[in-house]
Amino acid sequence: MSQTDDALLAKAEKLAKKFIITDGHVDFPYRLYAEKFKLDDAHANIPVSSEKGNFDYERAKKGGLDAPFMVAFIPASYQDDLGKAKVFADSLIDMVHWIIDRHPDKFARGDSPSMIERNTKKDLISFPLALENGAPVKTLEDVAYFYQRGIRYITLTHAKDNHICDSSYDTARTWNGLSPFGFEMVKEMNRVGMIIDVSHISDSAFYQVMQTSIAPVLATHSSCRKFTPGWERNMSDEMIVELAKHDGVIQINFGSSFLDGNINAIRDSNRAQVKRLLFQLHLTEDDPAAKKITNRFVEDHPEPYATVQTVADHIDHVKSLVGMDYVGIGSDLDGVGDSLPTGLKDVSMYPNLLAELLKRGYSEDDIEKICYKNVWRVWNKINQVAAQ
Ligand SMILES: [Zn+2]
C-alpha cells in the first residue's frame, strides 16, 4: 500500500467515526435464528463478540457503524400461512428487543433519525427494525401494529409473489405489479409513516408504487442493473431516475452477484451444476450426504468476489445518473453468505469503501450524504407526510 493510500485510509477511518453510518440492510436477526440463538445467558454475548457472521458490536465499533437496519426476514414459505408469518416476525423482533435490553450500554432502539442521533452521542449502536417480506401484514391494521413494535420499513415481498405484489425473482406475475391490497397498503404505509422498501419487487410493482406513494421510498439493498444486465433484482437506469425524481434513495447491496454480472452468471451456473449432480445421485438438498457433495463442489469451484472498487463503481453510476443525493449503503451483510467483496467482508470494513470514495475525489459532504444524510432526508420526509 502506498503512502497516499495509508493517508486516505486514516482519513476514511476518521470520517467513519464522525458520520452516523446507517446501513439499510443487515440480516443479523435471521442469521441468529438460523444459528439457533436462544434468549439466555449462554447466548447473550454473541451480539457483542462473535467469530461467526458479519455483524457484532466489536466489529461494528471498529467500522464506525451506528445504525444498521436490523431485518426481520420472513422466507416465502411463510406466505402459505400469514398468521404463522406474523408469529415468526414477532419472534425476530422480540429477539432484537431482548438483545437491546441485555446490553443497554451498547445497543438501543433506533425508531427515528433524532433518536439515533441521541444514541450516537451516547456512543450506542441503534437498531432501527425492518420487515423483509410483507407476508405478516395480513390486514391494513398490521402496518400500525408493526410500526408500534419498532419496524420502520417493510420490503413489500421477497423471493415470491405474495398477497401484496409481484417479486422480481418470480415468473408467475400474479398481479402484474401490486395487488388491490398492495395499493391500499402503500397508502396505509404513507399514513402511518412506514418506509416503503422497493427492493425485491418486480419492475411493474415498482412503477405502481411510484405512482401511488405520496412519500419518497427506499430501495434498501439493491444495486445497479447496468452491471448485471437483465437481472431484475437490481434497478435499471430508468428506475433509478424515477426513484430520484420522487426524492427516493438506492442503497447499494454488497453481494458480489449484485455487483458484477459475470460473477452472477458463474454463481448461477455453479448452482445449476450442483442441482444436476444431486439429481443424478437421487439426493435432495437437505440430505446430509448432499451437504458433503455441495461443500466439495464449492471447494473445487472457488467463486470470484467483487471488490471495494466494484461497490464504488455502483455509487459512481448512481451519481452520474442523478447526482449525489440519491445513493446510500444497504450492504445485506449476514444475508448474502460467502459472496462479499474483498475488503468488505464484515461491519468493520466500511472505512475501506470511504477511502476508495476519497480516492475518487468524493468530498466529505458527499461521503456524509452516502453514509446517512440521504436516507435520513427520505425518512424525515416520510414522517412529515405521515404527520400531515
Ligand atoms: Zn433481501
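Parameters at a glance
- Here the residue numbers are simple positions, counted from 1 along each chain's written sequence.
- For a predicted model such as this one, the threshold for reporting local features is a pLDDT of at least 70, and the threshold for listing and counting side-chain atom pairs is 80 or more; totals across whole chains, interfaces and linings nevertheless cover every residue.
- With hydrogens and water excluded, all non-hydrogen atoms of the structure serve as input to the side-chain values.
- Definitions used for this entry: grid spacing 1 Å over protein atoms alone; cavity, a set of points where a 1.4 Å probe fits but cannot get out; pocket, an open set with protein on both sides within 12 Å along at least 5 of 7 lines; lining residue, one with an atom within 4 Å of a point.
- Grid points are joined across faces, edges and corners, and a volume is the space filled by probe spheres set on the points.
- Polar here means any residue outside two lists: the nonpolar Ala, Val, Leu, Ile, Met, Phe, Trp, Tyr, Cys and Pro, and the charged Asp, Glu, Lys and Arg; Gly therefore counts as polar.
- In this description, a nonpolar core means a group of buried Ala, Val, Leu, Ile, Met, Phe, Trp, Tyr and Cys residues linked to one another through side-chain atoms lying within 4.5 Å.
- Here's how the labels work: a residue is buried when its accessible area is under 20% of the maximum for its type, exposed when over 50%, partly exposed in between, all with a 1.4 Å probe on protein chains only.
- Counting from the N terminus, the helices are the DSSP runs of H or I reaching at least four residues and the strands are the DSSP runs of E reaching at least two.
- Any two residues whose heavy atoms approach within 4.5 Å at even a single point are treated as in contact.
- Starting at the helix axis, one direction is taken to each C-beta atom, and the arc is that of these directions.
- Each metal's donors are the N, O and S atoms within 2.8 Å of it, or within 3.2 Å when it is Na, K or Ca, and because water is not part of the set, sites may look incomplete.
- Axis definition: a line fitted to C-alpha atoms, over the contacting stretch in the case of helices. Angles run 0 to 180 degrees between N-to-C directions.
- Our angle categories are set so that under 35 degrees counts as roughly parallel, over 145 as roughly antiparallel, 65 to 115 as roughly perpendicular, and the remainder as oblique.
- A crossing counts as left-handed when the near helix is turned anticlockwise from the far one by less than a right angle, and as right-handed when that turn is clockwise.
- Expected span, for any helix, means 1.5 Å times one less than how many residues it has.
- The pairing criterion for strands is at least two bridges between them, as found by DSSP.
- Note that His is not counted, nor are the chain ends; the positive residues are Lys and Arg, and the negative ones are Asp and Glu.
- In the sections that follow, a salt bridge refers to a side-chain nitrogen of Lys or Arg positioned within 4 Å of a carboxyl oxygen of Asp or Glu.
- Under this definition, polar contacts are N or O atom pairs within 3.5 Å; protein pairs additionally need one hydrogen-donor-capable and one acceptor-capable atom, and for neighbouring residues in sequence, both atoms have to be side-chain atoms.
- Two aromatic rings, drawn from Phe, Tyr or Trp (for Trp, its six-membered ring), form a pair once their centres lie within 6.5 Å of each other, and the interplanar angle then sorts them: stacked below 30 degrees, edge-to-face above 60, tilted otherwise.

Caption draft 1: Region of interest: empty space enclosed by the protein. Tallied over the entire structure, the rule returns one cavity of 30 Å³ or more. By volume, the largest cavity is sized at about 70 Å³. Lining the largest cavity are 14 residues; nearest its centre among them are V198, I201, R233, M235 and M239. Taken together, the residues that form the lining of the largest cavity break down as five nonpolar, five polar and four charged.

Caption draft 2: Structural view of the nonpolar core. Counting 115 residues, the largest nonpolar core has F55, L156 and L353 as the members making the most contacts within it. With 11 residues, the top contributor of residues to this core is helix 4 (residues 82-102). Not counting the four nearest positions on each side in its chain, L156 is found in contact with N133, G134, N162, I164, C165, L178, M185, M189, I196, D197, I201 and V209.

Caption draft 3: Geometry of helix 5 (residues 113-121). Of all the positions in helix 5, only P113, I116, N119 and T120 are classed as buried. Across the axial projection of helix 5, the buried residues extend over an arc of 120°, all falling on one side. Residues of helix 5 that are exposed and angled more than 90 degrees away from the buried face: R118 and K121. Looking at the packing, one finds that the buried side of helix 5 touches strand 2 (65-73), strand 3 (107-109), strand 4 (125-127) and helix 15 (364-387). Positive backbone phi, at 70°, marks D123, one or two positions downstream of helix 5.

Caption draft 4: Inspection of the coordination of the zinc ion at higher detail. Taken together, the protein donors to the zinc ion comprise E132 (OE), H200 (NE2) and H221 (NE2), at separations of 2.0 to 2.2 Å. Sequence positions of the donors to the zinc ion reduce to the motif E-x67-H-x20-H. Of this pair, H200 sits in the loop between strand 7 (195-197) and helix 8 (203-212) while H221 sits in the loop between strand 8 (218-219) and helix 9 (237-245), and the two are 21 residues apart along the sequence. The burial state of H200 is the same as that of H221; both residues are buried.

Caption draft 5: Summary view of the layout of surface pockets. Reported here for the largest pocket is a volume of approximately 1700 Å³. In terms of lining, the largest pocket is formed by 43 residues, of which the most central are R267, R271, G335, V336 and G337. For the lining of the largest pocket, the secondary-structure elements that each account for two or more residues are helix 2 (28-34), helix 10 (256-259), helix 11 (261-280) and helix 12 (288-300). Its residues assigned to classes, the lining of the largest pocket comprises 16 nonpolar, 14 polar and 13 charged.

Caption draft 6: Up close: the packing of helix 6 (residues 141-148) against helix 7 (residues 180-192). Two elements in contact, helix 6 and helix 7, have axes whose closest approach is 9 Å; the angle formed by their N-to-C orientations is 40°. Judged by the inter-axis angle, helix 6 sits oblique to helix 7. Where helix 6 crosses over helix 7, the two elements pack in a sense that is right-handed. Residue-level contacts link V143, A144 and Y147 of helix 6 to M185, E188, M189 and V192 of helix 7. Grouping the constituent residues of the contact of helix 6 with helix 7 by class yields six nonpolar, no polar and one charged.

Caption draft 7: Spatial organisation of helix 7. The end-to-end C-alpha distance of helix 7, which contains 13 residues, comes to 19 Å, matching closely the 18 Å that a straight helix rising 1.5 Å per residue would cover. Looking only at helix 7, the buried set comprises G182, M185, V186, E188, M189, N190 and V192. Packing partners of the buried residues in helix 7 comprise helix 6, strand 6 (151-155), strand 7, helix 8 and helix 15. Positive phi shows up at G193, right after helix 7, with a value of about 95°.

Caption draft 8: Structural context of the pairing of strand 1 (residues 21-26). Where burial is concerned, most of strand 1 is hidden: six out of the six residues are buried. As defined by bridge partners, strand 1 adjoins strand 2 across four bridges and the pair is classed as parallel. Its bridge partner being in strand 2, V26 is matched across the sheet by M70.

Caption draft 9: Layout of the side chain of D66. Secondary-structure assignment places D66 in strand 2. Here D66 sits buried without a salt bridge, and the closest side chain of opposite charge, K61, lies 5.2 Å off (N-O distance). Polar contacts involving the side chain of D66 include one to the main-chain amide nitrogen of I21, which spans 2.9 Å. Setting aside its immediate chain neighbours within four residues, D66 contacts A16, F19, I20, I21, T120, L124, I125 and S126.

Caption draft 10: Seen up close, the packing of aromatic side chains. Evaluation of the coordinates by the stated rule reveals 17 aromatic pairs. Taking the centre distance of 5.6 Å and the plane angle of 85° together, the rings of Y57 and F107 count as edge-to-face. Within this pair, whereas Y57 is found in helix 3 (residues 57-63), its partner F107 is found in strand 3, the two being separated by 50 residues in sequence. The pair formed by Y57 and F107 is uniform in burial state, with each residue classed as buried. The interplanar angle of 10° and the centroid separation of 4.6 Å between the aromatic rings of Y78 and F88 together place this pair among those described as stacked. Of this pair, Y78 sits in the loop between strand 2 and helix 4 while F88 sits in helix 4, placing them 10 residues apart in sequence. Accessibility expressed as a relative area gives 17% for Y78, which makes it buried. An aromatic cluster is built from F28, F55, Y57, F107 and F127, whose rings are joined through pairwise contacts.

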